[in-house]
Structures are given as C-alpha cells and as structure tokens.
Amino acid sequence: MRSTWRTSFRLPAFLLLLILTRPLRADDWPQWLGPQRDSVWRETGIVEKFPAQGPPVVWRTPIGAGYSGPAVAHGRVYLTDRQLSQGASNPANPFDRSTIPGTERVVCLDESTGKILWHHDYDCPYTVSYPAGPRATPLVSDGRVYALGAEGNLFCLDAGDGKVLWSRDFKKDYGVRTPMWGFSAHPLLDGNRLVCMVGGTNTTVVAFDKESGKEVWHALTAKEPGYCPPVVFEAGGKRQLIVWDPESVNSLDPETGAVYWTEPMKIQAGMTIATPRKLDDFLFLTCFYNGSLMLKLDRDKPAATRVWQSQRVSEKNTDALHCTMSTPFLEDGYIYGVCSYGQLRCLKAGTGERVWETLNATTPDGKEMRWANAFIVKNGGRFFLFNEKGDLIIAKLTPKGYEETSRAHLLEPTNTAAGRDVLWSHPAFANRRMFARNDKEIICVELGEGR
C-alpha cells in the first residue's frame, strides 16, 4: 500500500513539473499572413493586456516608404522600401501616374537589434497610383528571400548576404503593363514553385522554379491580374490553387497550372485584394465595390457552386461585407472583416446575414471613413488588430459582439489617403514580438508575458 501511494503521489508531481517547465511556443513569420498563410499567430506566452505606458519598443530603425509588411525568419527581419531620387517627389494627386525616379530596396535587419545587415538596391522608376513604395511582403524559405516590387521586379536573394540568385522582370519578360496600384499580390511558395500574379494572355498567373527562376507553367487570361495573393487549399480530394483575378475566381492544379474550375466574377476597378478564406467546405471572397461571394467546394471532386452573393455593387450602400484591403477571418460559422468605410462586421457564413458591426476598431471618432482599415490576426482565444492609425488592439470577436481588452498606440500614420493620414502595412508577429513599419521607420515591440 505504501509503495502504491508513493507512486500515485509522484506521478502528478512529475506531470506538474513538465507543465511548469514546458517551453513556450515560438514561431517565425516568414511570409504574408504568417507561417501557414492563414493570419493565425500560434505562439503562447503573449500578454493579455498592455502595460499602462504601452508595450516596450525594443528598437526602431529608419527606413524608406512602402506598404509591404515585414517577414521574420531565423533571427532576421526582411522588408522592402522605396528611396526617391534626389530632387524627386511624389505628386499631390495619388492617382497621377507620371514617372517618378527612384530605387526600390530589399532590406535585411538583425531581429534582436534592428541593425541593417544588408540591402539590395535597384533602379525602379514608378508609374503607379499611390506611389509610396512596394506592396508585397517578402517570403523567406530555405536560406532564400523572394521579393516582388511594385513595378514587377521579382528577386530571389541569398537570405544571408543579399546576393542576387536570380531575377525576373514581369513587364519585360511578359510584355505586361504595371497595374494601377502596382504588382501587389504576395508570391506563394508551393513545393519547388513560386507562384505569382503577372498578367497578360495565358500568363495571368505564372509559376517559377524556386531554385532557378525558370518558368514552370503559366495559365489564365484576364485584362488585368488584380492584387489578390494566390493560395492553396485542400478540397475535393485535391490540392487546389485558388487564383482570383478581376474577371473570375479559378481553381488550378498547383503542379501543372491546369484549370479545375472557373466561376465568373466581374470586379470593378480590378479590386481583387483580400486573400480568399476557406471554412470547412466554404470558400469566401470579398472586395470593395462588388461585395462578397460564398462558394461551396465539392467534397468529392474539384468543383464549386454559389451559395450566396452580395446584391449591391456599391462602396457605401453595402450588403454582407465589402472589404477593401483587410483579409477577413472565418471561424465557427461566422465571418469577421472590415467593410468599405471601416465597419468591423460579423456575418453568418452560411447566409451573409449581418450579426453586428462597430467602428471602434478602425476610426478615432466613430464616424465612417472611406477605406478605413484594420488588419486582423488570431492568437489563442482573442484577436490582435492593427489599425490604420497605428493602434494595436487586443479584442475578442464573437457572435455576441466586439469586446476590446486593451489598446496601445505604437506608430504614427505617415501616408495620406482620402484626406487623412493612414498606415496601411500589415505587421508581423514572431517570437512573442510584433514588427511593424510606416514610411519612416520599422519598430520591434515586446509582447511576451513577463519579458
């Protein structure tokens, strides 16, 4: 009896010791929307509330302008920016597409200190509307960093020293012109293929060999490629590459580019921006003017049917969800996303019916603002929202409503849109820290509990 008692006592104590000494999960953020490209931050040991003075800023480093978010991998931070030529300036009218001389850069910083370790510069005159800088987040994998500039310059660089391993120029290689808001779709790495939205006849989407930069396959034809990142989902017994251009949403075989299915969807102003999201058998797409489309993916084969669609083509008189640039989040039968004038909304996924909306997360005075924005990232049972005013918010999003837990102002909005100052760059969450930039600096903010 004594021996049995001692055994039963020691076992719980041993388990308790394991729990107390178990290392906290830490992850990098090596691409758009994180390690799994799903806007989920899976690290543990993250603060529940910010200190009264806000979370500590570990470092600040001056950089140039840009909309692209940072990527974090193996102790380094990668981003892209723009440097104007001496004497050059951006036009007062952001829709002015006259040529502006300058360079783009791929920049590598030390994750611990913010020190710039190397940068790769290349001449890049701009012809884009809203010409602040590059749009696409770098992608880091296997010692390489892949970076796409606003004028279609694609580089594969050695992540250690910035040496160019290969490069492509979409405009020269494929005879396409720069889209109004630049080449913005974040490249997707799938196996040995780097998938990019290029444009042109039968080359709207192109897969390049990740090692050599040689074309593997090309597919689809659309008048313009749009700005939506390609993404791969498993459905109907197949891995399907979802490509959404301003004329249709398409499913392709990611290995060959062969088309599985196409669903027509004409989009105004080419504004396919938000990344498509999958929930169970449903595929959700949303955009500024045309609103939302919900598809049901066939369980037995690559195919899709319409479930519901927004009936109003409008930026103001909206139904369902009309996202501008923020990718929505889907879970437990509901959709959470930011609509065209800053309304953070909750919808029923099955019908598109609105459950609630609030402006508290996006606008400072509760008034609707055109294109008002917040980026949405899930961590545990709550969300981190980084809005266009440079505020980081911890909040719960449930069918019952928006419940804000904590808020801190971290960065100044340094860009201008719709007559106000904005910050439109998606942050990275890695190693219990947040990395975010505006047009003047990038900062590293401590978010680890007890650190």
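Up top is the structure.
The structure displayed is predicted, hence computed values, not measured ones.

Reading the values: the criteria
- Residues take numbers from 1 onward in each chain, read along the sequence in its written order.
- Thresholds applied to this predicted model are a pLDDT of at least 70 for local features of residues and 80 or more for the giving and counting of side-chain atom pairs; totals over whole chains, interfaces and linings are not thresholded and use all residues.
- Values shown for side chains rest on all heavy atoms present in the structure; no hydrogens or waters enter the calculation.
- Note on aromatic contacts: the rings of Phe and Tyr and the six-membered ring of Trp form a pair at centre separations within 6.5 Å, being stacked when their planes are under 30 degrees apart, edge-to-face when over 60 apart, and tilted otherwise.
- Starting at the N terminus, helices and strands are each numbered in turn, a helix being any DSSP run of H or I of at least four residues and a strand any DSSP run of E of at least two.
- Classification of residues uses two cut-offs on accessible area relative to the type maximum, computed with a 1.4 Å probe and protein chains only: under 20% is buried, over 50% is exposed, and between them is partly exposed.
- Placement of a positive charge over a ring is assigned whenever Lys NZ or Arg CZ falls within 6 Å of the ring centre and within 35 degrees of the normal to the ring plane.
- What makes two strands pair is DSSP finding at least two bridges between them.
- Between N-to-C directions, angles cover 0 to 180 degrees, with each direction set by a line fitted to C-alpha atoms, over the stretch in contact for helices.
- Any two residues whose heavy atoms approach within 4.5 Å are treated as being in contact.
- Remark: nonpolar core denotes a set of buried residues (Ala, Val, Leu, Ile, Met, Phe, Trp, Tyr, Cys) joined through side-chain atoms within 4.5 Å.
- By the counting scheme adopted, Arg and Lys are positive, Glu and Asp are negative, and His together with the chain ends is not counted.
- We define a salt bridge as a contact between a side-chain nitrogen of Lys or Arg and a carboxyl oxygen of Asp or Glu at a distance within 4 Å.
- Two N or O atoms form a polar contact when they lie within 3.5 Å of each other; inside protein one atom must be a possible hydrogen donor and the other a possible acceptor, and for residues adjacent in sequence the pair counts only when both atoms belong to side chains.

Participant: Quick rundown of the packing of aromatic side chains? Include the residues and the values.
Facilitator: A complete count under the given rule lists 20 aromatic pairs for this structure. Plain terms: the ring middles of W41 and F429 are 4.7 Å apart, the flat faces sit at 35° to each other, and that makes the pair tilted. In this pair, W41 sits in the loop between α1 (2-21) and β1 (57-62) while F429 sits in strand β32 (residues 428-430), placing the two residues 388 residues apart along the sequence. Their ring planes at 55° and their centres at 6.2 Å tell us that Y78 and W118 sit as a pair that is tilted. Here Y78 is found in strand β3 (residues 76-84), whereas its partner W118 is found in strand β5 (residues 116-123), with 40 residues between them in sequence. On the basis of relative accessible area, W118 is assigned to the buried category, the value being 8%. Through pairs of rings, three or more aromatic residues link up here, namely W29, W41, F384 and F429. Directly above the ring of Y126 sits R82, whose terminal nitrogen or CZ lies 3.7 Å from the centroid. Sitting over the ring of F282, K296 keeps its end group 5.1 Å from the ring centre.

Participant: I'd like a description of the sheet that holds β32, backed by residues and values.
Facilitator: Read from one edge of the open sheet, four strands run β1-β34-β33-β32, paired in antiparallel fashion. The two strands at the open ends of the sheet, each matched to only one other strand, are β1 and β32. Pairwise comparison of adjacent strand axes, ignoring direction, gives a mean angle of 15° for this sheet. Taken together, the five bridges between strand β33 (residues 433-437) and strand β34 (residues 441-446) define a ladder with antiparallel strand orientation.

Participant: Go over the environment of T204 with me, naming the residues and quoting the values.
Facilitator: As for its position among the elements, T204 is in the loop between β11 (193-197) and β12 (205-209). Here T204 falls in the buried class, since its relative accessible area comes to 0%. Sequence separation between T204 and T221 is 17 residues, and the spatial gap between their C-alpha atoms is 5.4 Å. Apart from residues no more than four positions distant in its own chain, T204 is found in contact with C196, M197, V198, G199, A219, L220, T221, A222, P225 and D245.

Participant: Tell me about the side chain of T61, and name the residues and values.
Facilitator: For T61, the position within the fold is in strand β1. For T61, the residues in contact, after removing those within four places along its chain, are L109, G114, I116, K440, E441 and I442.

Participant: Tell me about the nonpolar core, and please be specific about residues and values.
Facilitator: Counting 32 residues, the largest nonpolar core has F384, L392, F429, M434 and L447 as the members making the most contacts within it. For this core, the secondary structure elements donating two or more residues are β3, β4 (102-110), β27 (382-387), β28 (391-398), β32, β33 and β34. The element contributing the most residues to this core is β34, with four residues. Apart from residues no more than four positions distant in its own chain, F429 is found in contact with D28, W29, W41, E43, V377, F384, L392, M434 and L447. Ranked by size, the runner-up nonpolar core spans 18 residues in total, among them Y122, C124, V145 and L157.

Participant: So what's going on with the side chain of D245? Which residues, and what values?
Facilitator: Looking at the secondary structure, you find D245 in strand β15 (residues 238-245). With no salt bridge to any partner, buried D245 finds its closest opposite charge in K266, at an N-O distance of 7.5 Å. Among the polar contacts listed, one links the side chain of D245 to the side chain of N250, at a separation of 3.5 Å. In this structure, D245 is in contact with T204, L220, A222, E224, P225, N250, M265 and T272, ignoring residues within four places of it in sequence.

Participant: Just give me the short version of the pattern of salt bridges, but keep the residues and values in it.
Facilitator: Applying the stated criterion across every chain, the model contains 23 salt bridges. Among the salt bridges present, the one from E263 reaches R306, with a minimum N-O distance of 2.5 Å. Linking E263 in strand β17 (residues 259-264) with R306 in strand β21 (residues 304-309), this pair joins segments that are 43 residues apart in sequence. Residues joined by salt bridges that share partners form a network here, namely D190, R193 and R239.

Participant: Outline unusual backbone geometry, supporting the account with residue identities and numerical values.
Facilitator: Positive phi values are uncommon outside glycine, yet R37 reaches one of about 60°. Along the chain, the position of R37 falls in the loop between α1 and β1. Located in the positive-phi region is R432, a residue other than glycine, with phi close to 60°. Counting through the fold element by element, R432 comes out in the loop between β32 and β33. The class for R432 is buried, based on a relative accessible area of 14%.

Participant: Run through the pairing of β34, naming residues and quoting values.
Facilitator: On any regular strand, side chains alternate: one points to one face of the sheet, the next to the other face. Extensive coverage of β34 is indicated by the burial of five of its six residues. Judged from the five bridges that link them, β1 and β34 form a sheet pairing that is antiparallel. If you follow T61 over to β34, its bridge partner there is I442. Taking the residues between adjacent antiparallel strands as the criterion, β33 and β34 are bridged by three residues.

Participant: Help me get a handle on the sheet that holds strand β7 (residues 144-148), residues and values and all.
Facilitator: Pairing is antiparallel in the open sheet, where four strands are placed in the order β6-β7-β8-β9. Each having just a single partner strand, β6 (139-141) and β9 (164-169) make up the two edges of the open sheet. Ignoring which end each strand starts from, the neighbouring axes of this sheet average 15° apart. Sheet topology note: the strand β8 (residues 153-158)/β9 ladder contains five bridges and is antiparallel. If you follow C156 over to β9, its bridge partner there is W166.

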